[in-house]
Amino acid sequence: MLSISSGAPTGGKLAFMACCNSKCVNPEHVRVAASKAEICAHYSAVGTRKGTHYEQRIAAVRKAQAARGLVPTPESVVRVIRAAGSEVTTRALARAHGIADQTASRIRRGESHRGVAQGAA
Ligand SMILES: [Zn+2]
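These figures come from a predicted structure and were not determined experimentally.

So what exactly am I meant to see when it comes to the overall build of the protein here?
Scanning the protein for helices and strands turns up six helices and two strands. Its helices and strands in sequence order give the protein the pattern α-β-β-α-α-α-α-α, from N to C terminus.

Whenever I open this one, unusual backbone geometry confuses me. Can you help?
In terms of backbone geometry, most residues other than glycine have negative phi values and most peptide bonds are trans. Positive phi outside glycine occurs at Cys20, with the angle close to 70 degrees. In this structure, Cys20 sits in the loop between strand S1 (14-17) and strand S2 (30-33).

Hey, could you run me through the packing of helix H5 (residues 90-97) against helix H6 (residues 101-108) in this one?
For any two helices packed against each other, the geometry comes down to the angle between their axes and how far apart the axes lie. Interaxial distance between H5 and H6 falls to 8 Å at its minimum, and their mutual angle equals 115 degrees. The crossing of H5 and H6 is right-handed. Along the contact surface, H5 presents Thr90, Arg91, Leu93 and Ala94, while H6 presents Asp101, Thr103, Ala104, Ser105 and Arg108.

Is there a simple way to think about the nonpolar core in this case?
What tends to happen in soluble globular proteins is that the nonpolar side chains get buried as a cluster. Counting six residues, the largest nonpolar core consists of Val77, Val78, Ile81, Leu93, Ala104 and Ile107. Looking at this core, the elements that each hand over two or more residues are helix H4 (75-83) and H6. Ranked by residue count, the leading element in this core is H4, at three residues.

Rules and cut-offs
- Residues numbered from 1 in each chain as written.
- Predicted model: local features only at pLDDT ≥ 70, side-chain atom pairs only at ≥ 80, totals over all residues.
- Helix = DSSP H or I, 4+ residues; strand = E, 2+ residues; numbered from the N terminus.
- Axes fitted to C-alpha atoms, helices over the stretch in contact; angles between N-to-C directions.
- Left-handed = near helix turned anticlockwise from the far one by under 90°.
- Contact = placed C-beta atoms within 7 Å.
- Core = buried A, V, L, I, M, F, W, Y, C linked by C-beta atoms within 7 Å.
- Buried ≥ 20, exposed ≤ 12 C-beta atoms within 10 Å, placed from the backbone.

Okay, structure coming up:
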């Protein structure tokens, strides 16, 4: 499509929609990139993938937790766990704060509670 719209061959480069709409067929929105990473960099720069669905997902998780009577791990606990040195075991942290080992582990590895800001406890 880029070759058709610009009249020039793409030379083995990748073409993508700069407007980030996968259904868009406007030839003026077509851009070339040398790699998929370049395309991702573009999407990140324009904000398409900057946590688009993160807030929605977190809200859904909170709602489901509340429906099951679960209380989210307080931010203060998350900060303490993050700040703990490697000499403290994950299990000890979990016991100390009354949360599951798995939860403490995920917090430590940065796999959960990403919404809690980094920094002072
Ligand atoms: Zn477009």
